[in-house]
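The chain contents come next:
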Amino acid sequence: MTALTENIEKLNGYLARFREGGIQNLIAGKSRPAASGAVFDTTSPVDESVICPVARGGAEDIDAAARAAAQAFPAWAAMPAAERKTILIRIAEGIEARAEEIALCECWDTGQALRFMSKAALRGAANFRFFADKVSSARDGQNLRSPTLMNVTTRVPLGPVGVITPWNTPFMLSTWKIAPALAAGCTVVHKPAEFSPLTARILAEIAHEAGLPDGVWNLVNGFGEDAGRALTEHPAIKAIAFVGESKTGSMIMKQGADTLKRVHFELGGKNPVVVFDDADLDRALDAAIFMIYSLNGERCTSSSRLLVQDTVADEFEAKLTERVNTIRVGHPLDPETEVGPLIHKVHFDKVASYFDIAKTDGATVAAGGLRVGDQGWFVRPTLFTGATNDMRIAQEEIFGPVLTSIRFATEEEALKIANDTQYGLTAYVWTNDLTRALRFTDRLEAGMIWVNSENVRHLPTPFGGVKASGIGRDGGDWSFEFYMEQKHVGFALGQHRIPRLGV
Ligand code: NAD
């Protein structure tokens, strides 16, 4: 038996219960169909087959979930830190125990290759452990001295919050939002992406089994325009943590305006990887390839624009083309596979449309630019060369395994090109000149920058973007700033002079 057939057999075992019973919502600790009885099918991008029906939640289900979260909030917020921590650690253990099931289901649902997804499940567990450890410090106050008052600042959990996640790495992103919300003492209504609902359900079950009180974590499946919208408009929901497209973020801001929602947005990117001629070019090549072609290029932090100095561009692009042509596209459950299928037909059509757009704009398709097979949404990893930064392939987020290469002559020109985009999520800089690295990163418009490295996530550091790439930061203590309110109390230390009116 090959590793692929063995994985497919295991997957079928894990999917059996979904095929039999579909995916239901989880509200106040109970599995429920949508109030309307409506369902939608989730399909696999590998062969377009239906995986199972999913409850299609709407405003009524969101209302029930938001009420459950509001009801569960006071007790969860008041629970001693040590007890909350214990439950979060049990969730991490539950994820670790079911890591294989999560990884296989996620690959089948999203098309992401197993070689990356097996780690994503464990990263999800790490998110819970990290924020579990922070539970007690999240509630600590800070004292600010004054001569007449003892000023105490405390932080209190915000209340029930909505979490809305996308389809690209749904499991990891859900844990990344929900773990700090729970650690801070908030209760949660989660609306996962309609295209990849499997692992959100597994995660909610793990949390339930870990002893999370009913109503603390509610799951409502459904579409953005009904369930998502109702969540952003619900008066009991105090904040929305959203990961997705920039234009959806803008819609959510409008939808949440009437109820004055606090928002946290992780949005799109068109991130540059800037390669100067003094860099270690072999390492830069490995990193540039990894950061755009891993996870099918369906990654907000992907380095989708290569800015390469003209003195080394011929050599660098030639090596890049050769490597891109050898990337292995295939079944996501095959451990050899490096790039799997794109999530669904509409997204495939969008990505494939850029193959023509590139030619019309005058760029060269140096590698790829083709569909692979006629079943499932597979494309060849693609490289466009001869591009300029005003082209659509350099400005628009394609969100697939597609890299646009642009040449520059000077550091000043590289900076101008790097910043000339509506986005500002990440940037990657390759140079051995320390002074240049300091100068260049200081002027780059991006929330996160790596020098001589691929994206290496370190949980205590802030994660988020500037410009159209986001609002707010996650990670470390930054997550608690979003999920908690600062509260100030001043105690008089004696009888200081109070201004007297009307005497
Ligand atoms: P999307 O914006 O289409 O959908 C994301 C979620 O929002 C889904 O759950 C969807 O149902 C919901 N939604 C849609 N319309 C809504 C509405 N009107 N009200 C409330 N909810 C609504 O994004 P996508 O296509 O699922 O994901 C891809 C995008 O996510 C890319 O732009 C990518 O860059 C971005 N992303 C960003 C990060 C980051 O950290 N910055 C991480 C991953 C993905």
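Re the packing of aromatic side chains
Moving on, step 1. Per the stated rule, a full pass over the model turns up 14 aromatic pairs.
Moving on, step 2. Taking 6.3 Å as the distance between ring centres and 10° as the angle between the ring planes, the aromatic pair formed by Phe-128 and Trp-217 counts as stacked. Pair noted here: Phe-128 is in helix α5 (residues 114-133) and Trp-217 is in strand β9 (residues 217-219), with a separation of 89 residues, a long-range link.
Moving on, step 3. The ring of Phe-18 carries Arg-17 above its face, with NZ or CZ at 4.3 Å from the centroid.

A short note on helix α3 (residues 81-97)
Moving on, step 1. In this model, α3 (17 residues) spans 24 Å end to end at C-alpha, consistent with the 24 Å of a helix rising 1.5 Å per residue.
Moving on, step 2. Restricting attention to buried positions, one finds in α3 the residues Ala-81, Arg-84, Ile-87, Leu-88, Ile-91, Ala-92, Gly-94 and Ile-95. Axial view of α3: buried residues confined to an arc of 160°, hence all on one face. Across α3 from its buried face, at more than 90 degrees, point the exposed residues Ala-82 and Ala-97.

With respect to the sheet that holds strand β20 (residues 426-430)
Moving on, step 1. One open sheet accounts for seven strands, arranged β14-β17-β18-β13-β12-β20-β21; its pairing is mixed. Because the sheet does not close on itself, it has two edges, and the strands there are β14 (364-367) and β21 (448-451). Averaged over all neighbouring strand pairs, the angle between strand axes comes to 20°, with direction disregarded.
Moving on, step 2. Of the pairings in the sheet, the one linking β14 to strand β17 (residues 382-387) comprises three bridges and is antiparallel in character. Among the inter-strand pairings, Ala-367 is bridged to a residue of β17, identified as Leu-383.
Moving on, step 3. Contacts from helix α16 (residues 434-443) reach β12 (272-275), β20 and β21 within the one sheet, and its direction differs from that of β21 by about 165°.

Here's the deal with the domain arrangement of the protein
Moving on, step 1. Once the domains are mapped, the protein shows domain 1 (50-137 + 150-267 + 469-487) and domain 2 (272-451).
Moving on, step 2. For domain 1 and domain 2, the distance between their C-alpha centroids amounts to 30 Å.
Moving on, step 3. The partner domain 2 presents 25 residues to the 20 residues of domain 1 that form the contact.
Moving on, step 4. Carbon and sulfur atoms supply 61% of the area that domain 1 and domain 2 bury against each other, a total of about 1,900 Å² over both sides.
Moving on, step 5. Interface area lost by domain 1 to domain 2 is led by Arg-115, Trp-167 and Ser-469, which between them contribute 30%.
Moving on, step 6. Counting every contact that joins domain 1 to domain 2 gives zero salt bridges.
Moving on, step 7. The tally of links from domain 1 across to domain 2 stands at nine residue pairs in polar contact (both at pLDDT 80 or more).
Moving on, step 8. With five residues, the top contributor of residues to the side of domain 1 that touches domain 2 is helix α4 (residues 99-110).
Moving on, step 9. Partitioning the side of domain 1 that touches domain 2 into residue classes produces 10 nonpolar, seven polar and three charged.

A short note on the pattern of salt bridges
Moving on, step 1. Going through the model one piece at a time under the given rule, you end up with 34 salt bridges.
Moving on, step 2. Notably, a salt bridge pairs Arg-56 with Asp-226, separated by 3.0 Å at the nearest N-O pair. Taken together, the residues span a long stretch of sequence, with Arg-56 in the loop between β4 (50-55) and α2 (59-78) and Asp-226 in helix α9 (residues 224-233) at a distance of 170 residues.
Moving on, step 3. A relative accessible area of 28% places Arg-56 in the partly exposed class.
Moving on, step 4. Between Asp-133 and Lys-85 there is a salt bridge whose closest N-O contact spans 3.5 Å. Of this pair, Asp-133 sits in helix α5 while Lys-85 is found in helix α3, placing the two residues 48 residues apart along the sequence.
Moving on, step 5. Where salt bridges share partners, they join Arg-17, Arg-98, Glu-101, Arg-201, Glu-205 and Glu-209 into one cluster.

Structural notes on the nonpolar core
Moving on, step 1. Counting 109 residues, the largest nonpolar core has Ile-91, Ile-95, Phe-128, Leu-182, Trp-217, Val-275 and Tyr-293 as the members making the most contacts within it.
Moving on, step 2. When residues of this core are assigned to domains, at least three map to each of domain 1 (50-137 + 150-267 + 469-487) and domain 2 (272-451).
Moving on, step 3. Aside from chain neighbours lying at most four places away, what touches Ile-91 is Phe-128, Leu-182, Ile-206, Ala-207, Ala-210 and Trp-217.

Describing the packing of α3 against helix α8 (residues 198-209)
Moving on, step 1. The interhelical angle for the contact between α3 and α8, taken along N-to-C directions, is 130°, at an axis separation of 8 Å. When the interaxial angle is binned, α3 and α8 end up oblique. Helix-helix and strand crossings are classified by hand; for α3 and α8 the assignment is right-handed. Of the residues in α8, those in contact with Ile-91, Gly-94 and Ile-95 of α3 are Leu-203, Ile-206 and Ala-207.
Moving on, step 2. Broken down by class, the residue content of the contact of α3 with α8 amounts to five nonpolar, one polar and no charged.

Considerations on unusual backbone geometry
Moving on, step 1. Phi is positive for Asn-296, which is not a glycine, with a value near 60°.
Moving on, step 2. Residue classification places Asn-296 among the buried residues on the basis of a relative accessible area of 0%.
Moving on, step 3. Positioned with a positive phi, Phe-399 is a non-glycine residue whose angle comes to about 60°.
Moving on, step 4. Tracing the backbone shows Phe-399 in the loop between α14 (392-395) and β18 (402-408).
Moving on, step 5. Residue class for Phe-399 comes out buried when judged on its relative accessible area of 15%.

Concerning helix α15 (residues 411-419)
Moving on, step 1. Listed as buried for α15 are Glu-411, Ala-414, Leu-415, Ile-417, Ala-418 and Asn-419.
Moving on, step 2. Taken together, the buried residues of α15 touch β12, β13 (305-309), β18, α16 and β22 (466-467).

Reading the values: the criteria
- Residues numbered from 1 in each chain as written.
- Predicted model: local features only at pLDDT ≥ 70, side-chain atom pairs only at ≥ 80, totals over all residues.
- Heavy atoms only, no water.
- Phe/Tyr/Trp six-rings, centres within 6.5 Å; stacked < 30°, edge-to-face > 60°.
- Helix = DSSP H or I, 4+ residues; strand = E, 2+ residues; numbered from the N terminus.
- Lys NZ or Arg CZ within 6 Å of the ring centre and 35° of its normal.
- Expected span 1.5 Å × (residues − 1).
- Buried < 20%, exposed > 50% of the residue type's maximum accessible area, 1.4 Å probe, protein only.
- Arc of directions from axis to C-beta.
- Pairing = 2+ DSSP bridges.
- Axes fitted to C-alpha atoms, helices over the stretch in contact; angles between N-to-C directions.
- Contact = heavy atoms within 4.5 Å.
- Domains from an automatic or database assignment.
- Buried area = accessible area lost by both parts, 1.4 Å probe.
- Salt bridge = Lys/Arg side-chain N within 4 Å of Asp/Glu carboxyl O.
- Polar contact = N/O pair within 3.5 Å; in protein donor to acceptor, adjacent residues only side chain to side chain.
- Nonpolar A, V, L, I, M, F, W, Y, C, P; charged D, E, K, R; others polar.
- Core = buried A, V, L, I, M, F, W, Y, C linked by side-chain atoms within 4.5 Å.
- Parallel < 35°, antiparallel > 145°, perpendicular 65-115°, else oblique.
- Left-handed = near helix turned anticlockwise from the far one by under 90°.

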